[in-house]
Every structure is written in C-alpha cells, then in structure tokens.
Amino acid sequence: MKSIPEPLIFRKNKLYILDQRKIPFKEKYFVASSFCDVKVAIKNMILRGAPLIGIAGAYGILLGLRKKFNLDNFYKMKESLLLLRKTPYNLNYTLSILERLIKNGAGYKDLEKEVENIFEQEKIRCERIGKNGFKIFKEKQYKKILTHCNTGKLATGGIGTALGVIYKSKKIIEMVYVTETRPYFQGARLTSYELFKLNIPFKIILDGEASFLMQKGEVDAIIVGADRITQDGYLANKVGTLSLAISAKEFGIPFYVASPVSTIDFNTKGIENIQIEERRGDEVKGWGKTKWVLENFDVIYYSFDLTPPYLIKNIITDYGNFNPNELKMVQFHEERKEFTNA
Ligand code: MRU
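All values derive from a computational prediction rather than experimental measurement.

1. Here's the deal with the site of the ligand
Around the ligand, 18 residues are found, and the nearest of them are Arg48, Arg85, Gln186, Asp227 and Lys238. Within the contact set of the ligand, an oxygen atom lies 2.6 Å away from a side-chain nitrogen or oxygen of Arg85. When isolated, the ligand has an accessible area of 410 Å², and the protein chains bury 100% of it. Along the lines of polarity and charge, the residues of the shell around the ligand split into 7 nonpolar, 7 polar and 4 charged.

Shown next as structure tokens:
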C-alpha cells in the first residue's frame, strides 16, 4: 500500500507543498520559491491544518529573509501572514520562536536549522499525543470513533493529532466515522484518504448525520483536533465541532480534543478574544466550476466555531492529558518543555 505523501518538503530553497485541493484524486506539489508563493498557498488552502500552517509560515519567512535579512522585513511578513488565517494559533507560536532568535542575533543558517527543528518537533508532538491518547482509548476500549475535519499527516506533517490517536489505537478500533466537513470536505476527501492508506476501517457520514448515529448508539467516543485552545479551556476548531460536542453531551458520549501545546494560546482567556475566520461564500456555493447555489444568494460562512470547556472530557496533549479546566492552573515552559503549577 502506498504511504501518505509528505505534505511539505523543503529542498534547495524551495518549499514543495502537496496540493491538498487535489487530494484524493491527484498527489501533486505546488512549488513555492518565495514568501509570496507560501502566502498564496496558505490563503488558497493548498495546505491547511493548524500545525502545518505554522510550519509552512515559518518556511515562508525563511524564503523572505533570504532576500532581505532584517527585523523590519520579518515584522512585515509576520503581520501579513497572521492576517491570512486568523483562528489557528500555531503561526503565532512558530513566528514567535523565529522572532526571538532574530532578536538574539541569529543568522540565516541558524534560522534554517530552527525551522527544520520546528518541523521535527511537531512530528514528535504528534507521536506523544498518539501515545497519550492510546492510553485512554485502550483503557476504555473505544471501538467506534467519530472524528471531524482532517487532523492527520496532511494537517501536521507527523502522524496527526486526533488522527494520530486513532492511528495508535488501530488495533482496538473497529470503525471510524468521518464527517464530510462541508464545505471544503477535509473529512470526506482528506481524512478518508489517510485512513484508507493506513488501512483503518472508516465510513464517511454527512455532517448532519452525526447526532443520529450517536442516538443509535453507534459512537463510543468523539475525538477532534484544535486550531486554538485558550488558557481557560475554550476550543476553536473546524465549524461543526460545537454541534458535535453538544450532541455528545446529550447522548452521554465522551468528547476528546487532541492538541499539541503549540496550539494552546496561554495568553488568551474567554471566547470573546478569539477571532473566528470568515471565508468567502463561493466556497459554500460550489466547488471549482460546479455551482449548486445561485451566485447572488447570500451565505454566512464561519470556518471555525467555539466549544466551551464543560463539553470537553479531556484535552490530550504531547505533555499529558488535561481536564480543560485544569489548563488555567498550569503554565507551560517552552524552554524547559514542562508544565508547572501557575
Ligand atoms: O480550515 P482548516 O482545514 O485549516 O481547518 C483544520 C482544522 O480545523 C483541524 O481540525 C485543526 O487544524 C486541527 S489539525 C491537527
């Protein structure tokens, strides 16, 4: 069986980006030679997924700094990147690492090494999340799992977050229900493609079908990824997550979030401070040249929604599993790579 292709490859000052718009039909790379090319790729969803956006943005900065290495140029690029996808936190995380290095006098080669390191670390985080999640899944013997959006290799570069837990729990899982995740179909196109390649049994379901499956007793647990988690345990994730969490509560089904610490925004509290990305209505009205809605019909399209902590059973991270309310009681020290009491 063919493996899942690398979503990002950096070689000879070019970033090869797997064009996720073409998956599952074609495995083609978009070649980014400049900062602007990377911006185009992020804006147009050629790549997506919070951790991968963070990594790609860091490579973009690298390409931009190659032309003009100074802090001013860095800030200009940082500002324009952060406007592209406002909800995922990981770009803030990776760019803050680069900012610190430049301020401390690092040169281009040091930065190049650091970006490679950021990518490697993200893969390690996924492995750890997978292991931490497996502990729970094994103990509870969850067999029928529902997941939303795409949280696998295509979203992270590693084995994935929620999908990483599913991957590590492969031996006990009998079925994965994959929501379509309209309108971009990250579930139907990308997650099913990854599960197929991993040889894990799955069925694609309509987004609106999830509650009925829960009511029928077909779901043992739900696991999703995260685009941003606040210090007080609010989760911003792909639109539809909130409805899943509410239904899970109604039917007594445990709702898990799998997330690296690089997605946790320890500086933000409460939902009012999280910006929710609104995308172009065209993405809802059709796909490519095929339209299913008249051009002049109006659409509301928030790409993410916000799930309160009381609907979340556990947040599975690379540094252990937390009740979402516990997050405000801990502080993460990046340099020591550990949590301590706040
Ligand atoms: O709009 P997308 O495809 O970038 O949204 C992705 C998601 O919402 C994922 O669930 C999230 O980034 C977690 S990926 C590990």
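Alright, that's what it looks like, and here's the rest.
2. Let's talk about the packing of aromatic side chains
For any pair of aromatic rings, geometry is given as the distance between the ring centres together with the angle between the planes. Taken as a whole and assessed by the stated rule, the structure comprises 7 aromatic pairs. An aromatic cluster of three or more residues is present, and its members are Phe10, Tyr59 and Phe119. The ring of Phe119 is capped by Lys123, whose NZ or CZ atom sits 4.4 Å from the centre of that ring. Cation over ring: Arg128 sits above Tyr319, and NZ or CZ is 5.0 Å from the ring centre.

3. Points about the pattern of salt bridges
Counting across every chain of the model gives 16 salt bridges. The salt bridge involving Arg21 is made with Asp19; its shortest N-O contact spans 2.9 Å. Note on Arg21: relative accessible area 32%, which makes it partly exposed. The class of Asp19 is buried, set by a relative accessible area of 4%. Measuring nitrogen to oxygen at the nearest pair gives 2.9 Å for the salt bridge that ties Glu277 to Arg85. You can see Glu277 sitting in the loop between strand E11 (264-265) and helix H11 (282-285) and its partner Arg85 sitting in the loop between helix H3 (71-82) and helix H4 (90-103), a full 192 residues away along the chain.

4. Let's talk about the pairing of strand E15 (residues 314-317)
Side-chain direction in a regular strand flips from residue to residue, so the side chains alternate between the two faces of the sheet. On E15, burial covers both faces: Asn314 and Ile316 on one face and Ile315 and Thr317 on the other are all buried. Note: strand E10 (residues 255-258) against E15, 3 bridges, orientation parallel. Across the sheet, the residue bridging to Val257 is Ile315, located in E15. In this structure, E15 lies alongside strand E16 (residues 320-322), joined through 3 bridges in antiparallel fashion. Within E16, the position partnered with Ile315 by the bridge is Phe322. In this antiparallel pair of consecutive strands, E15 and E16, the connection spans 2 residues.

Definitions and cut-offs
Residues numbered from 1 in each chain as written. Predicted model: local features only at pLDDT ≥ 70, side-chain atom pairs only at ≥ 80, totals over all residues. Heavy atoms only, no water. Near = heavy atom within 4 Å. Polar contact = N/O pair within 3.5 Å; in protein donor to acceptor, adjacent residues only side chain to side chain. Areas by Shrake-Rupley, 256 points an atom, 1.4 Å probe, with all protein chains shown as cover. Nonpolar A, V, L, I, M, F, W, Y, C, P; charged D, E, K, R; others polar. Phe/Tyr/Trp six-rings, centres within 6.5 Å; stacked < 30°, edge-to-face > 60°. Lys NZ or Arg CZ within 6 Å of the ring centre and 35° of its normal. Salt bridge = Lys/Arg side-chain N within 4 Å of Asp/Glu carboxyl O. Buried < 20%, exposed > 50% of the residue type's maximum accessible area, 1.4 Å probe, protein only. Helix = DSSP H or I, 4+ residues; strand = E, 2+ residues; numbered from the N terminus. Pairing = 2+ DSSP bridges.

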